[in-house]
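Structural features, examined
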Amino acid sequence: KKKTPGWCKSLNTKGCDCILLVHDKDRNNAANLRDQLEAILRDAPQTKKVVAIPEEELEAWLLSDAEAINKALKLDGKFKAVHHPEGVASPKGYLRDAVYKVSEKKKSYVNNVHNKIIAEQIDTAKIALLCPSFTPFMELFAKKVKTRKA
């Protein structure tokens, strides 16, 4: 939150005209958190500013696409789909535990390493279908993000 104004100014000087501020809900009140984040963005120089708040954690979005997780972590299809990812109490912990289990304790999920790798494989249409909190992201980048065909 504290670094956001500086990042917005810096990105603006590099030609960035859109800002998507993603912040985990964790156990915060979503409406209050949205108000705080929108207030932070109010003075940002970008023309398009959007706040996206994943339920609990961003990893819920990743749980929407078991195929991407399997491919990114080379799990040979062992990771099974999560049908209501925003209902998972701790998506990051779920991913950590499930990857460890399905890999027969051979692989460890590390969010700051694996999230990027999973995101590169993910089908955004699956996230949009299963995670309503993903809608602001899709609306902002609908013309820039192409969904992968299965």
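These remarks concern the structure in this document. Per-chain numbering applies: the sequence of each chain, read as written, is numbered from 1 onward. Predicted model: local features are reported for residues with pLDDT of at least 70 only, side-chain atom pairs are reported and counted for 80 or more only, and whole-chain, interface and lining totals are derived from all residues. Only hydrogens and water are removed before side-chain values are computed, so all heavy atoms of the structure are retained for them.

Salt bridges are counted wherever a side-chain nitrogen of Lys or Arg sits within 4 Å of a carboxyl oxygen of Asp or Glu. This model, assessed by the stated rule, comprises eight salt bridges. The partner of Arg-34 in a salt bridge is Glu-38, and the shortest N-O contact between them spans 3.9 Å. In this pair, Arg-34 and Glu-38 are both assigned in helix α2 (residues 30–41), four residues apart and thus about one turn of the helix distant. Categorising residues by exposure relies on relative accessible area from a 1.4 Å probe, with only protein chains included: less than 20% of the type maximum marks a residue as buried, more than 50% marks it as exposed, and the intermediate range marks it as partly exposed. According to the relative accessible area criterion, Glu-38 is partly exposed, its value standing at 36%. For the salt bridge of Asp-65 with Lys-126, the shortest nitrogen-to-oxygen distance reads 3.3 Å. Where helices and strands are cited, they refer to DSSP runs of H or I of at least four residues and of E of at least two residues respectively, numbered from the N terminus.

Attention now goes to the nonpolar core. Counting residues in hydrophobic clusters, the biggest one holds 27 residues, and the most contacted among them are Leu-63, Ile-69, Phe-79, Leu-95, Val-99 and Ile-118. Elements that contribute at least two residues to this core include exactly β2 (48–52), α3 (59–62), α4 (66–73), α5 (91–102) and α8 (135–141). No other element matches α4, which puts five residues into this core. Note on contacts: a residue pair qualifies if any of its non-hydrogen atoms lie within 4.5 Å across the two residues. Beyond its immediate stretch of four places on either side in the chain, Phe-79 contacts Leu-63, Ala-66, Ile-69, Asn-70, Tyr-94, Leu-95, Ala-98, Val-99 and Val-102. Residues Leu-21, Leu-37, Leu-41 and Ile-53 belong to the second largest nonpolar core, which totals nine residues. In this description, a nonpolar core means a group of buried Ala, Val, Leu, Ile, Met, Phe, Trp, Tyr and Cys residues linked to one another through side-chain atoms lying within 4.5 Å.

A cluster of nonpolar side chains, Val-110, Val-113 and Ile-117, forms an exposed patch at the surface whose accessible area comes to about 200 Å². Assessed through its relative accessible area of 32%, Ile-117 is described here as partly exposed. Two joining distances apply to patches: 9 Å for like charges and 5 Å for nonpolar side chains (Val, Leu, Ile, Met, Phe, Trp, Tyr), and every residue must have over 30% relative accessible area and no salt bridge. Residue exposure ignores everything except the shown protein chains as possible cover, and the areas themselves are Shrake-Rupley values with a 1.4 Å probe.

Moving on to α2. Because the α-helix completes a turn every 3.6 residues, residues three or four places apart line up on one side. Helix length check: α2, at twelve residues, gives a terminal C-alpha distance of 16 Å against a target of 16 Å (1.5 Å per residue), a fit within 8%. Looking at α2, one finds that the buried residues are Leu-33, Leu-37 and Leu-41. Seen end-on, α2 carries its buried residues on one side only, within an arc spanning 75°. Its buried side turned inward, α2 meets α1 (4–13), β1 (18–22) and β2. With a side-chain oxygen lying 3.0 Å from the backbone nitrogen of Ala-31, the N-terminal cap of α2 falls on Asn-29. In this analysis, the expected span of each helix is defined as 1.5 Å times one less than the number of residues it contains. The arc in question is formed by the directions pointing from the helix axis toward the C-beta atoms. Throughout this description, a polar contact denotes any pair of N or O atoms lying within 3.5 Å of each other; where both atoms belong to protein, one of them has to be capable of donating a hydrogen while the other can accept it, and for residues adjacent in sequence the pair is counted only when both atoms sit in side chains.

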